Amino acid sequence: MPRRSQTPRCLLSLAAGLMVIMPTSMAWSQETITSEAMATTLSGLETPSDLEVAELRQQAADRIKAKADGIALKRPPLSPALRKLPTVNVDIQFNPDTPVIRPESYQTLGRIADALSSPALLSFTFLIVGRTEATGRREVNLALSHRRAESIRDVLVTTFKVSPKRVLAVGLGEEQLQDANNPKAPVNQQAEIVTLREVVQVAGGSVKPPEAGHAKSATSRKAGK
């Protein structure tokens, strides 16, 4: 009988370590993404976010206007706090230089909608973050990324019937690179679905929508009642 090969202990230890330190951000190709996997990742919110979406977008515009961090290579993320939230990176295809979503991406959007509609996530609000790679003009990329994020939100709401009260959108252009060491890498064009906070239940069991541009934590809002 041939001797069965054994995996070196060092590799087993490395694999175990990777399982422990797996980040809250996950990315899949359109062929492998599943709604169940997305729901599992997005349900991992430990602390509700106090990110203010309108302020986040303004910070991106101000950084570009000030010509700060002009060299894309190793450009620091605009919002490190955003990276600490449960996030799914998705590869949504658009027509070149437009916010028009290509038909082949609708299946992925349907899976995103299924994830957001899962019982474990019905009490949460989410932020769609549009991004671009670092090519062309930064201000153009910022505007295009916002329009694309809004397009994703519109499809989720109008086509797949996700409540508009549960989904916000913002574009950060090339100011929040996924791979800062390779600013032109395609991965930097992936959109993000980010869990922000739990929605606030009001009298009658209805849901109070997030204020425009303000993603206040459910905890802080309830404390203020």
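About the thresholds
- Per-chain numbering applies: the sequence of each chain, read as written, is numbered from 1 onward.
- Since the coordinates come from a predicted model, pLDDT governs what is reported: local features require at least 70, and pairs of side-chain atoms require 80 or more to be given and counted, while whole-chain, interface and lining totals use all residues.
- Heavy atoms from the whole structure form the basis of all side-chain values; hydrogens and water molecules are not counted.
- Counting from the N terminus, the helices are DSSP H or I runs at least four residues long and the strands are E runs at least two residues long.
- For every residue, the accessible area obtained with a 1.4 Å probe (protein chains only) is divided by the maximum for its type, and the residue is called buried under 20%, exposed over 50%, and partly exposed between those limits.
- Here a residue-residue contact requires only that any non-hydrogen atoms of the pair lie within 4.5 Å.
- The pairing criterion is simple: DSSP has to find at least two bridges between the two strands.
- Along the chain, pLDDT gives the predictor's confidence residue by residue, from 0 to 100.

Novice: Hey, could you run me through the side chain of asparagine 141 in this one?
Specialist: With respect to the helices and strands, asparagine 141 occurs in helix 5 (residues 138–158). By relative accessible area, which is 8% here, asparagine 141 ends up buried. In contact with asparagine 141, not counting residues within four places along its chain, are Thr132, Glu133, Thr135, Gly136, Gly173 and Glu174.

Novice: How should the pairing of strand 5 (residues 191–198) be read in this particular structure?
Specialist: If a strand is regular, its side chains alternate between the two faces of the sheet. Within strand 5, seven of the eight residues are buried, which leaves the element mostly enclosed by the surrounding structure. As paired elements, strand 3 (residues 124–130) and strand 5 share six bridges and run antiparallel to each other. What sits directly across from leucine 127, in strand 5, is valine 194.

Novice: Help me out: how do you make sense of the side chain of serine 151 in this one?
Specialist: Here serine 151 is to be found in helix 5. Contact partners of serine 151, with chain neighbours within four places excluded, come to Phe94, Pro99 and Ile101.

Novice: Just to check I follow, could you spell out the confidence of the model for the protein for this structure?
Specialist: Regions with low pLDDT should not have their predicted coordinates read in detail. Taken residue by residue, the protein gives an average pLDDT of 81. The fraction at 70 or more is 74%. Confidence drops under pLDDT 50 across residues 209–225; counting only partners more than four residues distant or on other chains, this segment forms 39 contacts.

Novice: Got a minute to help me understand the pairing of strand 3 in this structure?
Specialist: In terms of burial, strand 3 is a largely internal element, seven of the seven residues being buried. The side-chain alternation of strand 3 yields two buried faces, one formed by Phe124, Phe126, Ile128 and Gly130 and the other by Thr125, Leu127 and Val129. Relative to strand 4 (residues 167–171), strand 3 is paired through five bridges, and the arrangement is parallel. Opposite valine 129, over in strand 4, you have valine 170 as the bridge partner.

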